[in-house]
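# Observations on the three-dimensional arrangement
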Amino acid sequence: MPDNHRSRLLIVSNRLPLKVVPGTDGKATFEPGSGGLVTALAPVLRNRGGTWIGWPGVNAEQLPDYLPELMEQAGAKLGYRIRPVSLTQKDVKLFYEGFSNEVLWPIFHDFPSLAKFDPAYWDAYRAVNRKYAEAVAEHSRPGDFIWIHDYQLMLVAEECRKLGVDGRFSFFLHIPFPSLGMFLKIPWRTEILRALLAYDLLGVQTAWDRRNLMECVRSLIPEVAWRGRGRVASTSLEGRDVRIGDFPISIDYRGFMRQAKNQPVLQMVQAIRKNLTGRTVILGVDRLDYTKGILYRLAAFHNALVRYPELREKTTLVQAAVPSRTGVPQYKRLRARIERMVGRINGQFTRPGWIPVHYIFRSLSREELLGYYRAADIALITPLKDGMNLIAKEYCVTNVDNDGVLILSEFAGAASQLQIGALLVNPFDVMGTADAVYRACKMPANERKSRMRKMRAAIRKQDVFWWVDSFLRSAIAKDLSGFPALDEYSPLTPAEAVET
Ligand code: ADQ
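Residues numbered from 1 in each chain as written. Predicted model: local features only at pLDDT ≥ 70, side-chain atom pairs only at ≥ 80, totals over all residues. Heavy atoms only, no water.

### Considering the overall build of the protein
The cut-off we apply is this: Numbering goes from the N terminus for both helices and strands, where a helix is a DSSP run of H or I of at least four residues and a strand is a run of E of at least two. We compute the radius of gyration from the C-alpha atoms alone; for a globule the expected value is 2.2 Å times N to the 0.38, where N is the number of residues. Partly exposed describes any residue whose relative accessible area lies between the buried limit of under 20% and the exposed limit of over 50%, with all areas from a 1.4 Å probe on protein chains only and scaled to the type maximum. Should any heavy atoms of two residues lie within 4.5 Å, those residues are counted as being in contact. Each accessible area is a Shrake-Rupley estimate made with a 1.4 Å probe; only the visible protein chains count as cover when residues are assessed. Asp and Glu are treated as the negative residues and Lys and Arg as the positive ones, with His and the ends of the chain left uncounted. Note that the charge is assigned to NZ on lysines, CZ on arginines, CG on aspartates and CD on glutamates.
When helices and strands are counted, the protein shows 20 helices and 16 strands. In summary, the protein has a C-alpha radius of gyration of 23 Å against a globular reference of 23 Å for 500 residues, a match within 12%. Dimensions of the protein along its principal axes, counting C-alpha atoms only, are 70 × 60 × 50 Å. Counting every position in the protein, which comprises 500 residues, the buried fraction comes to 57%. By sequence separation, contacts in the protein at least 24 residues apart represent 76% of the contacts at least 6 residues apart. Element-wise, carbon and sulfur atoms account for 52% of the exposed surface of the protein, whose accessible area totals about 20500 Å². Averaging the coordinates of the 68 positive side-chain charges in the protein and doing the same for the 52 negative ones gives two points 5 Å apart.

Structure below.
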């Protein structure tokens, strides 16, 4: 079938899958993004003649004339169209830092005391969602498949329908969906839920999130009755079917495994281990965010050193924190608290030749990140609440020797798939987490291997290509023709398949 008869795919996300690097001459260059989402969607976008709509990361006040040309260059290089949404500095302040990160982010992660319900934030959120909808209206054509991502853009489908856009709208929420009690705190809760019901398919990370969303709809919009008991439930509203399902996002298993064996990564492992010979290396890697539980984790490590003296001088915690949302006040305060706590632990326990906590505050290069994953004996991943947590999956897949231990928070979405091999902890339980650290340090090799093998096999089976495929299949259940089968995206070679 000629391409112009098939519906095209439009991806809409807050940020475009690239980084604009402003130059000194008023021009700029760009670096393509390398995350799992970009890797998984790129082949589908190329096959179907797709478009990605989003904010390029620089404000409308910067690069006003040069941006369209740069986006054309980016599109030519990536193999699909890139269409920028222009945001002003004020939009970024009120819509992104304000409503998205000071209302939705804390409430959806169970931190109501950190939420700031400023009506100006809500006005900006609606106005900016409208801007994204206008971009969709401009760049779509009838019958297109429009896939909108994440909590910043929950109102886009509703705005598109008001603008008369004729398309099929799907939405994926990358963060958790809160319980009814938590969601009710948002003054604009009913408007948000009604807007979500303008989508044809609503995708969330876990069964918990699906149940929470369904319960919120049930109690705030009583005319809606859900049908179905499986992973995808549905309802009818204004003559349309609305479906809701859980689709746990994942990573490019094959890509990570290949990169983990690259020479620069192996050199990095050697460099990291050189200064830590004979020590058990425990790794924490996160964006510096209060949801990631870094303070509780440091407290648990401190508790383990106090209660299990045999760990002293033999165990090192490497904590990497990537600077994030540095314009939001809570993030600045959190950074200061983490640094004080690292100072306190090191001040109390450091001995000649041993520093208990190695703290890194910057973004790691890909080689460094994979090097740390491979060098670590234990990954300590203890978010207080997390949609999925891809670090947990990346650690397992990179662990090609199957000898690492994953300690994982039961409040990470990843726990539902990785509980088969991880040591699950309640991150608020400092002593329980400290006990898990001790247990991981003492775990025999055969137990480590058997646990890690199970987790790696689970991730291989449901990698990010599986995720894209199962989401798209659910979204177009009545019209599967034209979408390639799962194994056309990323077939594993037989050697890789047995190597888990
Ligand atoms: P995040 O909150 O950003 O994502 P996470 O899924 O753990 O959380 O990580 C995203 C990516 O950032 C990882 O792929 C990792 O490689 C990269 N990264 C993290 N630390 C890094 C470092 N120090 N240096 C370089 N790169 C680093 C949101 C939700 C999650 C959900 C994802 C995907 O909050 O719950 O899993 O989206 O849906």
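Once the structure has been displayed, the description carries forward.
### Concerning the nonpolar core
So the rule is basically this: Take the buried Ala, Val, Leu, Ile, Met, Phe, Trp, Tyr and Cys residues and link them wherever side-chain atoms come within 4.5 Å; each set so joined is a nonpolar core.
If you look at the biggest cluster of nonpolar residues, it comprises 102 residues, and the most contacted ones within it are F108, Y132, L193 and L196. Sequence-distant contacts of Y132, defined by excluding residues within four places in its chain, comprise V12, S13, N14, G54, W55, V85, L87, F95, L153 and V156. Judged by nonpolar contacts, the second largest core, of 80 residues, contains L9, V397, L418 and I476.

### Observations concerning the site of the ligand
Cut-off, in case you're wondering: When at least one non-hydrogen atom of a residue lies within 4 Å of a molecule or strand, that residue is treated as near it. Polar contact criterion, stated in full: a pair of N or O atoms within 3.5 Å, where within protein one must be able to donate a hydrogen and the other to accept it, and residues adjacent in sequence count only if both atoms are side-chain atoms.
As a matter of local geometry, the ligand sits amid 18 residues, with H174, V322, D386, M388 and E394 nearest to it. In this structure, M388 approaches the ligand through a main-chain N or O atom, which is 2.9 Å from an oxygen atom. L390 is positioned such that a nitrogen or oxygen atom in its backbone is 2.9 Å from an oxygen atom of the ligand. Within the complex, the protein chains bury 82% of what would otherwise be the 710 Å² of accessible surface of the ligand. Residue assignment for the shell around the ligand shows that the elements contributing at least two residues are strand 11 (280-287) and helix 14 (390-398). It is helix 14 that contributes the most residues to the shell around the ligand, three residues altogether.

### Re the packing of helix 11 (residues 294-307) against helix 16 (residues 430-442)
Threshold: To obtain an axis, a line is fitted to C-alpha atoms, over the contacting stretch when the element is a helix, and the angle between two such axes runs from 0 to 180 degrees between their N-to-C directions. Take the far helix as the reference: if the near one is turned anticlockwise from it by less than a right angle, the crossing is left-handed, and if turned clockwise, right-handed. When residues are grouped by polarity, Ala, Val, Leu, Ile, Met, Phe, Trp, Tyr, Cys and Pro land in nonpolar, Asp, Glu, Lys and Arg in charged, and all others, Gly among them, in polar.
It is the contact of helix 11 with helix 16, at a shortest axis distance of 8 Å, that shows an interaxial angle of 65°. At the point where helix 11 passes helix 16, the crossing takes the right-handed sense. For the pair formed by helix 11 and helix 16, the contact residues are Y296, A299, A300, N303, A304 and R307 on the first element and V430, M431, T433, A434, D435 and V437 on the second. Here the residues of the contact of helix 11 with helix 16 sort into eight nonpolar, two polar and two charged.

### Digging into the packing of helix 14 against helix 17 (residues 445-461)
Note the threshold: Throughout, the term roughly parallel applies to angles under 35 degrees, roughly antiparallel to angles over 145, roughly perpendicular to angles from 65 to 115, and oblique to all others.
Here helix 14 crosses helix 17 at 115°, and the two axes come no closer than 9 Å. In this view, helix 14 runs roughly perpendicular relative to helix 17, as classed from their interaxial angle. Crossing handedness for the pair helix 14 and helix 17: left-handed. Note on element contacts: helix 17 touches helix 14 through M452, M455, R456 and I459, opposite K393, Y395, C396 and V397. Counted by class, the contact of helix 14 with helix 17 contains six nonpolar, no polar and two charged residues.

### Considering the sheet that holds strand 16 (residues 423-425)
Inclusion rule: Two strands are counted as paired when DSSP detects at least two bridges linking them.
With parallel pairing, six strands are arranged side by side in an open sheet as 13-12-11-14-15-16. What marks the edges here is a single partner per strand, and that holds for strand 13 (357-361) and strand 16. Looking at each pair of strands side by side, their axes are set apart by 20° on average, direction ignored. Here strand 14 (residues 378-381) runs beside strand 15 (residues 405-409); their pairing, made up of four bridges, is parallel. Paired with I381 across the two strands is L408, which belongs to strand 15.

### Regarding the environment of K185
You can see K185 is positioned in the loop between helix 6 (180-183) and helix 7 (189-196). As a C-alpha pair, K185 and I107 span 78 residues in sequence and 8.1 Å in three-dimensional space. Other than its neighbours up to four places away in sequence, K185 contacts I107, P112 and F117.

### Some details on the sheet that holds strand 6 (residues 144-149)
Read from one edge of the open sheet, eight strands run 5-4-1-6-7-8-10-9, paired in mixed fashion. What marks the edges here is a single partner per strand, and that holds for strand 5 (81-84) and strand 9 (232-237). Each neighbouring strand pair of the sheet contributes to a mean axis angle of 20°, computed without reference to strand direction. Note that strand 4 (residues 51-55) and strand 5 share four bridges and pair parallel.

### What to know about the state of the cysteines
We count it as follows: To count as a disulfide, a pair of cysteine sulfur atoms needs to be within 2.5 Å.
Tallying each qualifying case throughout the model produces zero disulfides. You can see C396 has no disulfide; the closest cysteine sulfur is in C441, sitting 17 Å from it. For C396, a relative accessible area of 0% puts it in the buried group.

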